[in-house]
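A structural walkthrough
If you want the building blocks of each chain, they are given just below.
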Amino acid sequence: MEHTLPPLPYAKDALAPHISAETLEFHYGKHHQAYVTNLNNLIKGTEYENLDLEAIIKKAPAGGVFNNAAQIWNHTFFWSSLKPNGGGEPTGALADAIKAKWGSFDDFKKAFSASAAGNFGSGWTWLVKKADGSVDIVNTTGAGCPLTTADKPLLTLDVWEHAYYIDYRNRRPDFIATFLASLANWEFAAKNFA
Amino acid sequence: MQAAIPLRPFVRRSLLAALFAGLMPAAALAQFSLPPLPYAPSALEPHVDTATMEIHHGRHHKAYVDNLNAQAKNIPELAGMSLEAIQGQISKYPVAVRNNGGGHYNHDFFWTIMAPADQAGQPSAALETAIARDFGSMDEMKKRFNEAALTRFGSGWAWLIVTPEKKLAITSTPNQDNPLMDLPEIQRGTPVLGLDVWEHAYYLKYQNKRADYATNWWNVVNWKEVSRRYDAALK
């Protein structure tokens, strides 16, 4: 099947000034699109040709097919993890699970920030639901994606430099703080947790 | 993140005692420092832009130096070792030394193997002969080097190395690893040329177009320095 670039759930300038329209022009329009184009080229005539995206991610060994498929999925999940006027705190069962794990939402934010800042090189920082129903923070490298594990992803932050270099240069910690303060989509995370 | 290594007071005391007794030069305890760029930040324009050079050297490279110094506070033996020697024993140390010691070595190396385009020079006869011997031609070497640079997924480096058998070879490493490191997944050798393909090395000018960066970068390769490093690696 031909994979396609899913639409952004908001306009390219909707996250400004925290993430600029210019960043989304490249990040969505070029990087995300390139993973789609690459995957379609790579799977032609292979055993992956008729699989949906999640099936490819779960089946493909480390390499080009996995990297491009997982990066399509990760980016789509990332766009939904952001929203204009986001940030704040979750409520309900997800808030309770976060408090059970870290003690307070502030302590969760510290743990998430440290994890994202310490994810050396290119990768992703995830809030996940474990098989036992508790929540945790997980770093993945490159295209690493929780779909290959028993964890259910709830929310993610892209910490590849292309996610923030135009707006924040080397200041990844500022990007992380802005994500938590102004962009994180907790309704999306709560829906995934339910 | 790396857990702090507990201080071993006896090591520190013996180092200090040796210093005070005049047995060890003070320089041996010197911390790592950020080397100045060997040219102006604008000198590699238009192939590598000024803003990138300023941030890459003044922020990214400096952070590796600062973080390595923080590690050396807890692991005093690092301060007495050359940067190359640390790479060669990197498997002994915490991952923060690998990341930041590698980051310091790689960038220190990177600045020296670039030069303004009008001073880039030519490979020495010996290096040219070796390239023809091991790759067929300069064009073929560049092609394979750029393939390594483009297929390194995520952050890392592409390298031209002199192998232990004294042949030239092309390899790539993830993140801030390099061919000097004693790690099982690394093809080891002495680097003579290296290209930083972390996005911070090219994003302000080239954005997603790593291939354009890798192509244009050949204009600012310092062949005099690469040739010098090749000769040194043969010895």
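Since the model is a prediction, treat every value here as computed from it, not as a measurement.

This brings us to the interface of chain A and chain B. Opposite the 20 residues of chain A that make contact, chain B presents 18 residues. Taken over both partners, the interface formed by chain A and chain B buries close to 1,800 Å², and the fraction arising from carbon and sulfur atoms is 65%. The largest share of the area that chain A buries against chain B comes from Phe120, Glu161 and Tyr165 of chain A, three residues that together contribute 37% of it. Taken together, the connections running from chain A to chain B amount to 0 salt bridges. Taken together, the connections running from chain A to chain B amount to 6 residue pairs in polar contact (both at pLDDT 80 or more). Among the secondary structure elements, those contributing two or more residues to the side of chain A that touches chain B are helix H1 (21–43), helix H3 (64–80) and helix H6 (165–168) of chain A. Counting residues per element, the side of chain A that touches chain B draws most heavily on H1 of chain A, which supplies 4 residues. Tallied by class, the residues present in the side of chain A that touches chain B amount to 8 nonpolar, 9 polar and 3 charged.

This part takes up the UniProt feature "domain: Manganese/iron superoxide dismutase C-terminal" (unreviewed entry) in chain A. Those residues carrying the UniProt feature "domain: Manganese/iron superoxide dismutase C-terminal" (unreviewed entry) are residues 90–191 of chain A in this numbering. Secondary structure content for residues 90–191 of chain A is 45% helix and 21% strand, and the end C-alpha separation is 11 Å.

Let's shift gears to helix H6 (residues 138–151) of chain B. All names here are of chain B. A rise of 1.5 Å per residue sets the reference length of H6, with its 14 residues, at 20 Å; its end C-alpha atoms lie 20 Å apart and thus fit the reference within 8%. If you check which residues of H6 are buried, you get Met141, Phe145, Asn146, Ala148 and Ala149. An end-on view of H6 places all buried positions within 155° of arc, on one side of the element. Relative to its buried face, H6 has exposed residues pointing more than 90 degrees away, namely Asp139 and Thr151. Contacts made by the buried residues of H6 are with helix H5 (125–135), strand S1 (156–162), strand S2 (168–174), strand S3 (190–196), helix H8 (210–217) and helix H9 (223–234).

The next point concerns the UniProt feature "binding site: Mn(2+)" (unreviewed entry) in chain A. Residue and element names in this part refer to chain A. As recorded in UniProt, the sites labelled "binding site: Mn(2+)" (unreviewed entry) are His27, His75, Asp158 and His162. These annotated residues cover 136 residues of sequence, and their C-alpha atoms lie no more than 12.1 Å from one another, placing them together at a single site. As for its position among the elements, histidine 75 is in helix H3. Classification of histidine 75 by relative accessible area gives buried; the value is 0%.

The next point concerns the side chain of histidine 31 of chain A. Relative to the helices and strands, histidine 31 of chain A resides in helix H1. The exposure class assigned to histidine 31 of chain A is buried, which follows from its relative accessible area of 9%. Here histidine 162 of chain A takes part through its side chain, which lies 3.5 Å from a polar atom of the side chain of histidine 31 of chain A. A polar atom in the side chain of histidine 31 of chain A sits 2.7 Å from the side chain of tyrosine 203 of chain B. Non-local contacts of histidine 31 of chain A, meaning those with residues more than four positions away in its chain, are made with Phe26 and His162 of chain A together with Glu199, Tyr203 and Asn208 of chain B.

Residue and element names in this part refer to chain B. Following the UniProt record, one finds the feature "binding site: Mn(2+)" (unreviewed entry) at His56, His107, Asp196 and His200. Maximum C-alpha separation among the annotated residues is 12.3 Å over a sequence range of 145 residues, consistent with a single clustered spot. Within the element layout of this structure, histidine 107 appears in helix H4 (residues 95–112). Residues contacting histidine 107, with those up to four places away along its chain left out, are His56, His61, Tyr64, Trp157, Gln176, Asp196 and His200.

Let us now look at the domain arrangement of chain A. Residue and element names in this part refer to chain A. Structurally, chain A comprises domain 1 (21–81) and domain 2 (92–193). Summarising the inter-unit geometry, the C-alpha centres of domain 1 and domain 2 are found 20 Å apart. Linking domain 1 with domain 2 are 0 salt bridges. The interface formed by domain 1 and domain 2 contains 11 residue pairs in polar contact (both at pLDDT 80 or more).

Analysis parameters
Residues numbered from 1 in each chain as written. Chains lettered and ligands numbered in written order. Predicted model: local features only at pLDDT ≥ 70, side-chain atom pairs only at ≥ 80, totals over all residues. Heavy atoms only, no water. Contact = heavy atoms within 4.5 Å. Buried area = accessible area lost by both parts, 1.4 Å probe. Salt bridge = Lys/Arg side-chain N within 4 Å of Asp/Glu carboxyl O. Polar contact = N/O pair within 3.5 Å; in protein donor to acceptor, adjacent residues only side chain to side chain. Helix = DSSP H or I, 4+ residues; strand = E, 2+ residues; numbered from the N terminus. Nonpolar A, V, L, I, M, F, W, Y, C, P; charged D, E, K, R; others polar. UniProt positions renumbered as here; feature names shortened; annotations may be inferred. Expected span 1.5 Å × (residues − 1). Buried < 20%, exposed > 50% of the residue type's maximum accessible area, 1.4 Å probe, protein only. Arc of directions from axis to C-beta. Domains from an automatic or database assignment.

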